[in-house]
Amino acid sequence: MKKFAKKFVVLSLATGLAATSLVACSNGNDSQTTPEGQNQSTENKTDDKKEETSKSKYTTTVVASLEMNGIFSPFFATTGYDMGVAEMVVAPLIKADRNAQPQSELAEFAIEEVKGDDGVVAETVYTFTLKDGVTFSDGKPVTADDIIFTYKVLADPSYDGPSTFVTLPVLGLEEYAKGDATEISGVEKVDDRTVKVTLKGIDPAAIWKLGGVAVAPQHYYGVDDSGKEYAKGDMSVPKSRNAKPMGAGAYTFGSFENNVVTLNANESYFKGTPATPTIKYQVTAESNKLEGLKLGEFDISDPSASVEMVKNVEDAGLEYRLVDNLGYGYIGMNAERITDVNVRKGLMHLMNRRPAVESYYGELATVIERPMSQVSWAYPEGATEYYGFDPAKALEYFTAAGYTQVDKNGKPSLEKDGKQLRIEVGIPGGGTMDHPTAPVLTQMKTEMEKIGAVLEIADTDGTVFFDRLNQSDWDMWVAAWGASVDPDMYQVYHSEGPSNHYKVKNADLDQLIVDARLTNDIEERKECYSKALDIIMDEAVEMPVYQRKNMYVFNQEIVDMDSLPKDMTPYYTYFAEVESFRLK
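Residues numbered from 1 in each chain as written. Predicted model: local features only at pLDDT ≥ 70, side-chain atom pairs only at ≥ 80, totals over all residues. Heavy atoms only, no water.

Trainee: Can you explain the pairing of strand β12 (residues 278-283)? Please cite residues and give values.
Mentor: Taken across its six residues, β12 has six buried, putting it largely inside the fold. Neither face of β12 is open: one carries T278, K280 and Q282, the other I279, Y281 and V283, and all of them are buried. Alignment of strand β3 (residues 60-65) against β12, held across six bridges, turns out to be parallel. Looking across to β12, one finds that V62 is bridged to K280. Bridge analysis of strand β11 (residues 260-265) against β12 gives five bridges, and the strand direction is antiparallel. By the bridge assignment, V260 is partnered in β12 with Q282. (Buried < 20%, exposed > 50% of the residue type's maximum accessible area, 1.4 Å probe, protein only. Helix = DSSP H or I, 4+ residues; strand = E, 2+ residues; numbered from the N terminus. Pairing = 2+ DSSP bridges.)

Spelled out as structure tokens, the structure:
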């Protein structure tokens with residue numbers, strides 16, 4: 001075999017995951033889901049952000065947030081809000097730059113392709129070398145052992161978090177994850193600062209799944225407060241740290257009390273002690289994101305971007321930035337609860353998306369036709385509408401599924417085997433239906449009543465919503481995916497994907513997802529994903545709704561606007577250079 005060292009170049013300047021939650025990237029840039037426009041309780045504004053120091057008049061900034069689950073673990077966080085907190089505390093080996101290219105963070109990296117005599121890449125070797133002097137917030141050095149420990153937790157047979165690390169073709173990974181092996185043969189500790197990982201063949205997303213993971217300190221996540229040590233097959237020790245993360249990030253975790261997360265500057269941070277001593281995340285309602293900013297409850301907020309919101313922000317004299325959202329809104333269906341594809345297709349034809357999107361977002365969002373962020377290079381060009389709003393067509397599909405309209409007291413009842421068609425949909429609107437997709441559901445409910453079916457809309461808070469979603473307890477639900485850098489679809493749509501809430505199981509879809517992982521040829525990957533997205537649409541398990549912009553609003557009387565990153569992108573937002581973020 002011949003070895004060829006090469007500089008790694010990501011296939012595109014604009015990449016995004018085809019499916020996601022959660023707004024932030026987690027566990028090597030896997031996907032997450034989030035509620036959009038969700039209402040939450042709001043605590044009183046903080047009093048302590050006006051403490052004087054020699055450098056700044058203010059020492060504390062408060063950021064508006066929607067509800068958190070309190071799982072701030074680099075291994076197990078599943079919502080964007082929880083992960084947003086965790087990402088301030090932990091740090092990855094690499095991160096994305098403004099254009100989604102990998103750049104070193106805790107470590108330098110190198111990639112080497114090993115070709116066989118036939119010229120085909122037989123192995124790919126990734127080497128990560130930690131920078132000198134990098135420590136965790138407790139002052140202990142970050143070592144190769146911590147990197148390997150992190151990989152082992154993600155590959156553990158009992159691991160039940162969102163990461164798809166275990167699907168990488170790392171040599172020996174399957175034997176470790178499914179067998180009795182105590183080590184992953186393809187993961188080698190070269191020295192105290194260097195780890196080498198060998199993959200069979202190639203995997204375009206491997207750089208993010210290997211380098212994008214947040215390095216977890218083994219001395220913290222590998223031992224609980226009672227002294228019990230982590231052992232393969234038992235996640236209890238790493239999970240014992242879910243509520244209080246620790247790592248090599250810019251901030252340390254202080255507390256999560258009364259709907260407020262408090263983070264304190266990490267004096268051991270390898271880029272230097274952050275300029276802002278304290279950052280707080282205040283849980284609030286979507287409807288309060290602007291008003292709370294105007295009242296001084298918080299200094300940074302991200303209200304849903306709409307023409308009306310832009311005008312309101314400008315009228316309030318506040319600074320704002322608009323950035324494309326790396327994600328999209330959708331309506332999902334559980335194929336194990338709504339088992340007949342004809343019923344699912346009928347429901348699709350009752351979703352009138354455009355009026356809802358235009359009324360909520362105006363020109364700051366667009367209706368999308370495939371379940372993938374348009375920010376991604378993999379979003380199919382020229383994608384056309386798959387299921388138009390057509391109540392007559394919906395009834396045809398319900399009839400094909402065996403439903404007939406029966407007269408009940410002068411009103412139709414759509415029934416099969418004596419049971420009326422009844423669907424429950426979950427929406428995280430906090431009890432007020434404050435959600436961009438809410439009008440789709442209310443119109444859908446009316447249309448179903450006309451033909452004799454029932455749509456039960458369950459408007460809940462985020463905690464209840466996600467608990468039921470994770471228990472596969474919704475027939476249908478409304479949420480949004482936050483995407484990661486590479487558009488790998490395994491996590492969300494593969495039959496064995498850990499976030500396959502749709503319960504879609506399609507052999508052709510699985511194969512396309514796998515095939516897209518076996519080449520670096522962007523055109524081949526585009527073709528695989530285009531076909532895969534069509535299959536998802538034909539399975540009628542997900543209706544893509546909108547691609548929107550993120551709006552970040554700042555109180556410029558508190559925030560030093562000159563300290564924000566220039567030219568923000570979906571991959572590089574206002575806290576991308578958080579160590580330099582400062583207050584006036």
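Trainee: If you had to explain the environment of K408 to someone new, which residues and values would you point to?
Mentor: Residue position: K408 is located in strand β17 (residues 404-408). Put simply, K408 and I202 are 206 residues apart on the chain and 61 Å apart in space, counted from C-alpha to C-alpha. The residues touching K408, leaving out its near neighbours within four places in the chain, are S413 and E415. (Contact = heavy atoms within 4.5 Å.)

Trainee: Before we move on, could you go through the sheet that holds strand β19 (residues 419-420) and cite the residues and values that matter?
Mentor: Pairing is antiparallel in the open sheet, where three strands are placed in the order β17-β18-β19. This sheet does not close on itself; its edge strands, each paired only once, are β17 and β19. Alignment of strand β18 (residues 411-416) against β19, held across two bridges, turns out to be antiparallel. Counterpart to K416 in the pairing with β19 is K419.

Trainee: Explain the packing of aromatic side chains residue by residue, including any values.
Mentor: Summed over the entire model, instances satisfying the criterion amount to 25 aromatic pairs. The interplanar angle of 85 degrees and the centroid separation of 5.7 Å between the aromatic rings of F554 and Y574 together place this pair among those described as edge-to-face. Taken as a pair, F554 in strand β23 (residues 542-554) and Y574 in the segment after β23 lie far apart in primary sequence, 20 residues in all. Like F554, the residue Y574 is buried in the burial classification. If you follow K232 out to its NZ or CZ, it ends over the ring of Y176, 4.1 Å from the centre. The ring of Y220 carries the charged tip of R241 above its face, separated from the ring centre by 4.2 Å. (Phe/Tyr/Trp six-rings, centres within 6.5 Å; stacked < 30°, edge-to-face > 60°. Lys NZ or Arg CZ within 6 Å of the ring centre and 35° of its normal.)

Trainee: Hey, could you go over the packing of helix α15 (residues 507-515) against helix α16 (residues 522-539) for me, with residue numbers and the actual values?
Mentor: Contact pair α15 / α16: the axes reach a minimum separation of 9 Å and the direction vectors enclose 155 degrees. The orientation of α15 with respect to α16, classified from their angle, is roughly antiparallel. The crossing of α15 and α16 is left-handed. Taken together, the residues of α16 that come into contact with α15 (itself represented by D508, L509, L512 and D515) are C528, K531, A532, I535 and I536. (Axes fitted to C-alpha atoms, helices over the stretch in contact; angles between N-to-C directions. Parallel < 35°, antiparallel > 145°, perpendicular 65-115°, else oblique. Left-handed = near helix turned anticlockwise from the far one by under 90°.)

Trainee: Could you give an account of α15, with specific residues and numbers?
Mentor: Residues L509, D510, L512 and I513 constitute the buried set of α15. Take α15 and look down its axis: the buried residues cluster within an arc of 165 degrees, on one side only. α15 presents A507 and D508 as exposed residues on the side facing more than 90 degrees away from its buried surface. Against α14 (490-493) and α16 lie the buried residues of α15. Measuring from the side-chain oxygen of the N-cap residue of α15 to the backbone nitrogen of D508 gives 3.0 Å; that N-cap residue is N506. (Arc of directions from axis to C-beta. Polar contact = N/O pair within 3.5 Å; in protein donor to acceptor, adjacent residues only side chain to side chain.)

Trainee: Describe unusual backbone geometry, naming the residues involved and giving the relevant values.
Mentor: Backbone geometry at S472 places phi at a positive 55 degrees, although glycine is not the residue there. By the secondary structure assignment, S472 is in the loop between α13 (462-470) and β22 (476-482). The phi dihedral of K503 falls on the positive side, at around 60 degrees, and the residue is not glycine. Among the structural elements, K503 can be located in the loop between α14 and α15. Taking the relative accessible area as the measure of exposure, K503 reaches 25% and is therefore partly exposed.

Trainee: Give me the lowdown on the confidence of the model for the protein, citing residues and values where you can.
Mentor: Within the protein, residue pLDDT values average 90, and 91% of them lie at 70 or more. Low pLDDT, under 50, characterises residues 1-30; the predicted model gives this stretch 151 contacts beyond four residues in sequence or across chains. Within the model, the stretch residues 37-54 combines pLDDT values under 50 with 70 contacts to residues more than four positions away or in other chains. (pLDDT = per-residue confidence, 0-100.)

Trainee: Before we move on, can you summarise the nonpolar core with the specific residues and values?
Mentor: A general tendency of soluble globular proteins is for nonpolar side chains to be buried together. In this structure, F75, L93, F128, Y151 and L210 are the most contacted members of the largest nonpolar core, which totals 54 residues. Listed by contribution, the elements that provide at least two residues to this core are β4 (94-96), β6 (107-115), β7 (121-130), α2 (144-155), α3 (173-178), β9 (194-200), α4 (206-211) and α5 (218-221). When residues in this core are grouped by element, the largest group, eight residues, is from α2. Of all hydrophobic cores here, the second largest spans 39 residues; its members include Y387, L455, A480 and A540. (Core = buried A, V, L, I, M, F, W, Y, C linked by side-chain atoms within 4.5 Å.)

Trainee: Kindly report on helix α11 (residues 391-400), identifying the contributing residues and their values.
Mentor: Residue pairs three or four apart in sequence face the same way in an α-helix, which turns once every 3.6 residues. Looking at α11, one finds that the buried residues are A394, Y397 and F398. Each buried residue of α11 lies within a common arc of 100 degrees when the element is viewed along its axis, so the set occupies one face. Counted as exposed and oriented over 90 degrees from the buried face of α11: A392 and A400. Where α11 is buried, its residues touch α9 (341-348), β18 and α12 (438-451).

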